[in-house]
Amino acid sequence: MSAPLVCPSCGTGHELSERFCSACGMPLVHAAGHAEPVSERRERARKVQARYAEGPLVRVATASHQSEAELLQGMLLEEGIPSLVRRSGGFDVPDFLAAGPRDVLVPQSGGEAARELLGTTAPPPREPLASPRWHRALAAALALLVLALLVAWVGAAVWP
């Protein structure tokens, strides 16, 4: 049986624990017929196109549950767009982990292609939430009430 790795330059055989040829220093390659079995992760990574894998994550779709989100992920992967699924905010059902809405996220460079493929539109930009003035006034009034009650309680305890 021949060695699993060979030097592409001089043809010297080497074991799997080595990475470079001891004779000429070239990186080793797998010999014909000795290819490593390809894992599921590596097979998925081969499908990803580098042009769609840059930038921060953006939301391109929302799914009703985990299975639907995985279907969308599979569709995106077939087009070379990497994706990530996360639970949508504000929803948690610990007894039914596959239940609940999911967000499908892709890198920004693949956002347009993903939206085109899935037939979705870009979400409107979120404006920062400004608290209404009455919220601030109510918070101030409650703080004053708590302070007054605290002063009254301390006064009653000190001067009976």
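You'll find the structure just up there.
Residues numbered from 1 in each chain as written. Predicted model: local features only at pLDDT ≥ 70, side-chain atom pairs only at ≥ 80, totals over all residues. Heavy atoms only, no water.

Caption draft 1: Inspection of the sheet that holds strand 4 (residues 57-63) at higher detail. Here 3 strands make up an open sheet; going across it, the order is 4-6-5 and the pairing antiparallel. Of all the strands in the sheet, just strand 4 and strand 5 (84-87) have a single pairing partner and so form its edges. When the angles between neighbouring strand axes are averaged without regard to direction, this sheet yields 35 degrees. Here 4 bridges tie strand 5 to strand 6 (residues 102-107), and the two strands are oriented antiparallel to one another. Residue Val85 lies in a different strand from strand 6, and its bridge partner there is Val104. Packing of helix 2 (residues 66-78) onto the sheet brings it into contact with strand 4, strand 5 and strand 6, and relative to strand 6 it is tilted by some 20 degrees. (Pairing = 2+ DSSP bridges. Helix = DSSP H or I, 4+ residues; strand = E, 2+ residues; numbered from the N terminus. Axes fitted to C-alpha atoms, helices over the stretch in contact; angles between N-to-C directions. Contact = heavy atoms within 4.5 Å.)

Caption draft 2: Highlighting the side chain of His14. Of note, His14 is situated in strand 2 (residues 13-14). For His14, a relative accessible area of 5% corresponds to the buried category. Polar side-chain contacts of His14 include one of 3.1 Å to the side chain of Glu18. In this structure, His14 is in contact with Ala3, Pro4, Leu5, Cys7, Cys21, Ser22 and Leu28, ignoring residues within four places of it in sequence. (Buried < 20%, exposed > 50% of the residue type's maximum accessible area, 1.4 Å probe, protein only. Polar contact = N/O pair within 3.5 Å; in protein donor to acceptor, adjacent residues only side chain to side chain.)

Caption draft 3: Inspection of the environment of Cys10 at higher detail. One can find Cys10 in the loop between strand 1 (5-6) and strand 2. In this structure Cys10 comes out as partly exposed when scored by relative accessible area, which is 41%. Distance in space between the C-alpha atoms of Cys10 and Gly25 is 10.0 Å, their sequence separation being 15 residues.

Caption draft 4: A look at the sheet that holds strand 1. Taken together, 3 strands build an open sheet; the order of strands is 2-1-3 and the sheet is antiparallel. Since the sheet does not close on itself, it has two edges, and those belong to strand 2 and strand 3 (29-30), each with one partner.

Caption draft 5: How the structure looks around the pairing of strand 6. For strand 6, a buried count of 6 out of 6 residues is recorded, marking the element as mostly surrounded by other parts of the structure. Burial along strand 6 is two-sided: Arg102, Val104 and Val106 and Asp103, Leu105 and Pro107, pointing in opposite directions, are all buried. When strand 4 meets strand 6, the two strands line up antiparallel, connected through 6 bridges. If you follow Leu57 over to strand 6, its bridge partner there is Pro107.

Caption draft 6: Just a nonpolar patch on the surface, in detail. Side chains of Leu144, Leu147, Leu150, Val151, Trp153, Val154, Val158 and Trp159 sit close together on the surface and give an oily, nonpolar patch of about 920 Å² of accessible area. Residue position: Leu150 is located in helix 4 (residues 133-158). The exposure class of Leu150 is partly exposed, given its relative accessible area of 45%. (Patch = residues over 30% accessible without salt bridge, like charges linked within 9 Å, V, L, I, M, F, W, Y side chains within 5 Å. Areas by Shrake-Rupley, 256 points an atom, 1.4 Å probe, with all protein chains shown as cover. Salt bridge = Lys/Arg side-chain N within 4 Å of Asp/Glu carboxyl O.)

Caption draft 7: Seen up close, the environment of Glu15. With respect to the helices and strands, Glu15 occurs in the loop between strand 2 and strand 3. Counting along the chain gives 12 residues from Glu15 to Ala3, while the straight-line C-alpha distance between them is 6.0 Å. Residues contacting Glu15, with those up to four places away along its chain left out, are Pro4 and Leu5.

Caption draft 8: Inspection of the nonpolar core at higher detail. Counting 12 residues, the largest nonpolar core is built from Tyr52, Val60, Ala61, Ala63, Ala69, Leu72, Leu76, Ile81, Val104, Val106, Ala114 and Leu118. Among the elements of the structure, strand 4, helix 2, strand 6 and helix 3 (111-118) are those that each provide at least two residues to this core. Leaving out residues up to four positions away in the same chain, Leu72 has contacts with Ala61, Ala63, Val104 and Leu118. (Core = buried A, V, L, I, M, F, W, Y, C linked by side-chain atoms within 4.5 Å.)

Caption draft 9: Geometry of the side chain of Arg102. For Arg102, the location among the structural elements is in strand 6. No salt bridge is formed by the buried Arg102; the nearest opposite charge belongs to Glu70, separated by 7.6 Å. A polar atom in the side chain of Arg102 sits 3.2 Å from the backbone oxygen of Gly100. Those residues in contact with Arg102 that sit more than four places away from it in its chain are Ala61, Thr62, Ala63, His65, Gln66, Ala69, Val85, Arg86, Arg87, Ser88 and Leu97. (Lys, Arg positive; Asp, Glu negative; His and termini not counted.)

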